[in-house]
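# Overview (structure and organization)
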Amino acid sequence: MNMKTTLAAVLSRRSLPEAGGRWFDDYLNRIVRYTPCDSQTFESEKALIGWLEQHQGRTRAYRILLDSRGQEFSSEEFAGRIGRLRDEGTQRLVFAIGPADGWSPEARQRADLLLSLGRMTLPHQLARVVLAEQVYRAFTILAGHPYHSGH
Ligand SMILES: C[S@@+](CC[C@H](N)C(=O)[O-])C[C@H]1O[C@@H](n2cnc3c(N)ncnc32)[C@H](O)[C@@H]1O
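The protein chain carries the name Ribosomal RNA large subunit methyltransferase H in an unreviewed UniProt entry, which gives Tunturiibacter lichenicola as its organism. Under the heading Catalytic activity (unreviewed entry), UniProt records this for the protein chain: "pseudouridine(1915) in 23S rRNA + S-adenosyl-L-methionine = N(3)-methylpseudouridine(1915) in 23S rRNA + S-adenosyl-L-homocysteine + H(+)". In its Sequence similarities (unreviewed entry) section, the UniProt record describing the protein chain reads: "Belongs to the RNA methyltransferase RlmH family."

Structure below.
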């Protein structure tokens, strides 16, 4: 069975219309050419964690929380990690952008991976677009598509 990827974010109702905007939608549309992928938004960390607990599938979703203090990867390393998860039979892979004031210690502890896009803090709208682009890039690397030409 195909691994399903979800790009999730905790976004306030106020920031929802502009969050990600056309750039995010464009990358999401490109990702679905390679793999089933959707977007989910939540008003609070609690709502996101509750959704994660409910949507387990046969196996638990692999949770990757975006956090500037997390682990950094090159695009090739990132693609390799996603490819390994897919090949190991992971059914659902969830990437999540956190609330404006960052993740709670409890959420961080329950993550399978804390992923950093760099040590600088980005506004969540930008982090969401960068994440979508890197997920798209990762699937093109795994497919051998020439979108990624190195540095
Ligand atoms: C505005 S930031 C939160 C900033 C918060 N004050 C903090 O220090 O954690 C909102 C969300 O964007 C994501 N984010 C921002 N910069 C990031 C980075 N460099 N790497 C990974 N995620 C990032 C994280 O998910 C974060 O929870």
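Once you've had a look at it, read on.
This paragraph deals with a nonpolar patch on the surface. A cluster of nonpolar residues, Leu117, Leu122, Leu126 and Val130, forms a patch on the protein surface that exposes about 290 Å² of accessible area. Locating leucine 117 in the fold gives a position in the loop between β5 (113-115) and α5 (124-143). Look at leucine 117 and you get partly exposed, because its relative accessible area is 33%.

Moving on: the environment of leucine 65. Tracing the chain through its elements places leucine 65 in strand β3 (residues 62-71). In sequence terms leucine 65 and alanine 96 are 31 residues apart; their C-alpha atoms lie 4.9 Å from each other. The residues touching leucine 65, leaving out its near neighbours within four places in the chain, are Ala96, Trp103, Ala107, Arg108, Ala111, Leu113, Leu114 and Leu115.

Here the focus is the sheet that holds strand β2 (residues 37-42). As summarised here, the arrangement of the 5 strands in space is β2-β1-β4-β3-β5, forming an open sheet in which the pairing is parallel. Whereas interior strands pair on both sides, the edge strands pair on one side only; in this sheet they are β2 and β5. Across the sheet, the axes of successive neighbouring strands diverge by a mean angle of 30 degrees, strand direction being ignored. Alignment of strand β1 (residues 4-10) against strand β4 (residues 92-97), held across 6 bridges, turns out to be parallel. The partner of threonine 5 across the bridge, within β4, is leucine 93. This element, helix α3 (residues 75-87), spans β3, β4 and β5 of the sheet and lies at about 140 degrees to β4.

Inspection of the region around the ligand gives 19 residues, with Leu66, Gly98, Leu117, Gly118 and Met120 positioned closest. Contacts to the ligand include leucine 66, whose backbone N or O atom sits 2.6 Å from an oxygen atom. A distance of 2.9 Å is found between a nitrogen atom of the ligand and a backbone nitrogen or oxygen belonging to leucine 117. Starting from 570 Å² of accessible surface for the ligand in isolation, the protein chains cover 81%. Secondary structure elements with two or more residues in the shell around the ligand: β3 and α5. With 3 residues, the top contributor of residues to the shell around the ligand is β3. Grouping the amino acids of the shell around the ligand by side-chain chemistry returns 10 nonpolar, 7 polar and 2 charged.

Cut-offs used in this document
- All residue numbers refer to positions counted from 1 along the written sequence of the respective chain.
- The predicted nature of this model means local features are confined to residues of pLDDT at least 70 and side-chain atom pairs, given and counted, to a pLDDT of 80 or more, with totals for whole chains, interfaces and linings taken over all residues.
- Hydrogens and water molecules were not included; the side-chain quantities draw on all heavy atoms of the structure.
- UniProt positions are given in the numbering used here, feature names are shortened, and annotations may be inferred rather than shown by experiment.
- Here the term patch refers to residues with relative accessible area over 30% and no salt bridge, with like charges joined within 9 Å and nonpolar side chains (Val, Leu, Ile, Met, Phe, Trp, Tyr) within 5 Å.
- Surface accessibility follows the Shrake-Rupley procedure with a 1.4 Å probe radius. Residue values consider only the protein chains on display as shielding.
- When a carboxyl oxygen of Asp or Glu is within 4 Å of a side-chain nitrogen of Lys or Arg, the pair counts as a salt bridge.
- Put simply, DSSP marks the helices as runs of H or I at least four residues long and the strands as runs of E at least two long, and each gets a number from the N terminus on.
- Exposure classes here rest on a 1.4 Å probe applied to the protein chains alone. A residue is buried below 20% of its type maximum, exposed above 50%, and partly exposed in between.
- Residues are treated as being in contact if the distance between any of their heavy atoms lies within 4.5 Å.
- In this analysis, strands are considered paired if DSSP registers two or more bridges between them.
- Here the axes come from fitting lines to C-alpha atoms, over the contacting stretch only for helices, and the angles between their N-to-C directions go from 0 to 180 degrees.
- Proximity criterion: a residue is near a molecule or strand once any of its heavy atoms comes within 4 Å of it.
- N or O atoms within 3.5 Å of each other form a polar contact, as long as, within protein, one can give a hydrogen and the other can take it, and as long as residues adjacent in sequence are counted only when both atoms are side-chain atoms.
- For this classification, Asp, Glu, Lys and Arg are treated as charged, while Ala, Val, Leu, Ile, Met, Phe, Trp, Tyr, Cys and Pro are nonpolar and the rest, including Gly, are polar.

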